[in-house]
Amino acid sequence: MTFVRSSFAALAVLAGLAAGTAQAATCGNDAAGFPAWKEAFKQEARAAGLSRSLAALDGVTYDSGVIKLDRSQKPFKMSYEAFVKQRLSSGRVSQGKKRMTQHATLLRQLEQRYGVPGSILVAIWGMETDYGAVRGNKKAIRSLATLAYDCRRSAFFTNELLAALTIVERGRMHPDQMVGGWAGEIGQTQFLASNYLQFAVDGDGDGRIDVVNSTADVLASTANYLAAHGWRRGAGWHPGEPNFAVITTWNSSSNYQRTIARFADILEGRG
């Protein structure tokens, strides 16, 4: 999932704290200042009410590999046609159709509740992690601490680090469960920590929210995100149609957005 700014007020306190923390804890561009930054960050976070979750930062070291990945990002120049061919492989499409059948009852229930068709949810699920099979192996707390310390986007990732620690503080996830993409994404549809706090829901009714292992929680949380961002029941999802604007909040790449729409068509037998 790409970094999308949220207009929701639920994380306003975190955002304010992130700005203050970013100013108080001096950012840096190499590993030298990371230990001092981490201690300053802890003090600011503690003053804001975080306590036991700060133990998750103990032993966390600067990850130069994350910085290399961040710096290696380049404008995406692949054509849409080439992107679709690469991303909608026969195997991914075949597995998507199987998931549509396997989870048909759940998907119908989610569409009734949120208005989001199952084809869209399965398309996102497949595109993000191959239905949970490829979630990444980076520890979110370490990645987010590294990126929050780094000067390039310190305020943004300070907010995400605070959100991740808030998840731990509330007992909703253990740090060891928070493993995923290099930029701190977690779960089978790669939620940013701030989005998890706002939109993750208990889809299977077991009293817990588990976007790592529970298919129902993963898909319900994704549907909740899309509904909260304005998904219109029964409306189209291609460029120029009402729901395409919602898809753009999920990922900033136009190729990615159009491919989700195309994939959903295929899963509905219209491709």
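Cut-off values and rules
Residues numbered from 1 in each chain as written. Predicted model: local features only at pLDDT ≥ 70, side-chain atom pairs only at ≥ 80, totals over all residues. Heavy atoms only, no water. Helix = DSSP H or I, 4+ residues; strand = E, 2+ residues; numbered from the N terminus. Rg over C-alpha atoms; globule rule 2.2 N^0.38 Å. Buried < 20%, exposed > 50% of the residue type's maximum accessible area, 1.4 Å probe, protein only. Contact = heavy atoms within 4.5 Å. Areas by Shrake-Rupley, 256 points an atom, 1.4 Å probe, with all protein chains shown as cover. Lys, Arg positive; Asp, Glu negative; His and termini not counted. Charge placed at Lys NZ, Arg CZ, Asp CG, Glu CD. Salt bridge = Lys/Arg side-chain N within 4 Å of Asp/Glu carboxyl O. Axes fitted to C-alpha atoms, helices over the stretch in contact; angles between N-to-C directions. Parallel < 35°, antiparallel > 145°, perpendicular 65-115°, else oblique. Left-handed = near helix turned anticlockwise from the far one by under 90°. Nonpolar A, V, L, I, M, F, W, Y, C, P; charged D, E, K, R; others polar. Disulfide = S-S within 2.5 Å. pLDDT = per-residue confidence, 0-100. Polar contact = N/O pair within 3.5 Å; in protein donor to acceptor, adjacent residues only side chain to side chain. Core = buried A, V, L, I, M, F, W, Y, C linked by side-chain atoms within 4.5 Å.

Asks: For this particular structure, what's the right way to read the overall build of the protein?
Replies: Secondary structure assignment for the protein yields 13 helices and 2 strands. The C-alpha radius of gyration computed for the protein amounts to 19 Å, which stays within 12% of the reference 18 Å derived for 271 residues, consistent with globular compactness. By its C-alpha atoms, the protein is 55 × 45 × 30 Å across when sized along the principal axes. Among the 271 residues that make up the protein, the fraction classed as buried is 52%. The long-range share in the protein, meaning contacts at least 24 apart out of those at least 6 apart in sequence, stands at 71%. Accessible surface, the protein: about 12,100 Å² in total, of which carbon and sulfur atoms supply 49%. Put simply, the protein has 31 plus and 23 minus side-chain charges, and the middle of one group is 5 Å from the middle of the other.

Asks: Would you mind showing me how to read the pattern of salt bridges here?
Replies: Two side chains bearing opposite charge may form a pair once their charged atoms approach each other closely. One pass over the structure, following the stated rule, counts 12 salt bridges. Between Arg 71 and Asp 70 there is a salt bridge; the shortest N-O distance is 2.8 Å. Using a relative accessible area of 39% as the deciding quantity, one classes Arg 71 as partly exposed. With a shortest N-O distance of 2.8 Å, Arg 152 and Asp 70 are connected by a salt bridge. Taken together, the residues span a long stretch of sequence, with Arg 152 in the loop between helix H8 (140-149) and helix H9 (154-169) and Asp 70 in helix H3 (residues 64-71) at a distance of 82 residues. Accessibility expressed as a relative area gives 44% for Arg 152, which makes it partly exposed.

Asks: Before we go on, may I ask you to explain the packing of helix H5 (residues 90-102) against helix H7 (residues 118-129) in this structure?
Replies: Packed helices, taken two at a time, are described by the angle their axes make and the gap between the axes. For the pair H5 and H7, interaxial distance at closest approach is 10 Å and the crossing angle is 135 degrees. Looking at the two axes, H5 sits oblique to H7. The two elements H5 and H7 meet at a crossing, and its hand is right-handed. Residue-level contacts link Arg 92, Gly 96, Arg 99 and Met 100 of H5 to Gly 118, Ser 119, Val 122, Trp 125, Gly 126 and Met 127 of H7. Residues that form the contact of H5 with H7 fall into these classes: 4 nonpolar, 4 polar and 2 charged.

Asks: What should I look at first to understand the state of the cysteines in this one?
Replies: Simply put, the disulfide is a covalent bond whose two ends are the sulfur atoms of two cysteines. Evaluated as defined, the whole model comprises 1 disulfide. The disulfide bridge from Cys 27 ends at Cys 151, spanning 2.1 Å between sulfur atoms. Handedness of the Cys 27-Cys 151 disulfide follows from its S-S torsion of about 95 degrees: it is right-handed. Taken together, the positions of Cys 27 in the loop between helix H1 (12-24) and helix H2 (34-47) and Cys 151 in the loop between H8 and H9 put the pair 124 residues apart, joining distant regions of the chain.

Asks: It is not clear to me how the confidence of the model for the protein should be interpreted in this structure. Could you clarify?
Replies: In low-pLDDT regions, the fine details of the predicted coordinates are not to be read closely. The pLDDT averaged across the protein works out to 91; a share of 90% of its residues lies at or above 70. Confidence over residues 2-13 falls short of pLDDT 50; this stretch has 22 contacts with residues more than four positions distant or in other chains.

Asks: What's the story with the side chain of Ser 119 in this structure? I'm lost.
Replies: Counting through the fold element by element, Ser 119 comes out in helix H7. Reaching out from Ser 119, the side chain makes a polar contact with the side chain of Glu 268 at a distance of 2.8 Å. Beyond its immediate sequence surroundings of up to four residues, Ser 119 is in contact with Met 100, Trp 237, Ala 264, Leu 267 and Glu 268.

Asks: Honestly, the nonpolar core in this entry has me stumped. Any pointers?
Replies: One recurring pattern in soluble globular proteins is that nonpolar side chains are buried together. Judged by nonpolar contacts, the single largest core of 80 residues is most densely connected at Trp 37, Ile 120, Leu 161, Leu 165, Leu 226 and Ile 260. When residues of this core are assigned to their parent elements, the largest contribution, 8 residues, is made by H9. When neighbours within four sequence positions are excluded, Leu 161 is seen to be in contact with Trp 37, Phe 41, Leu 57, Ile 141, Leu 144, Ala 145 and Ala 148.

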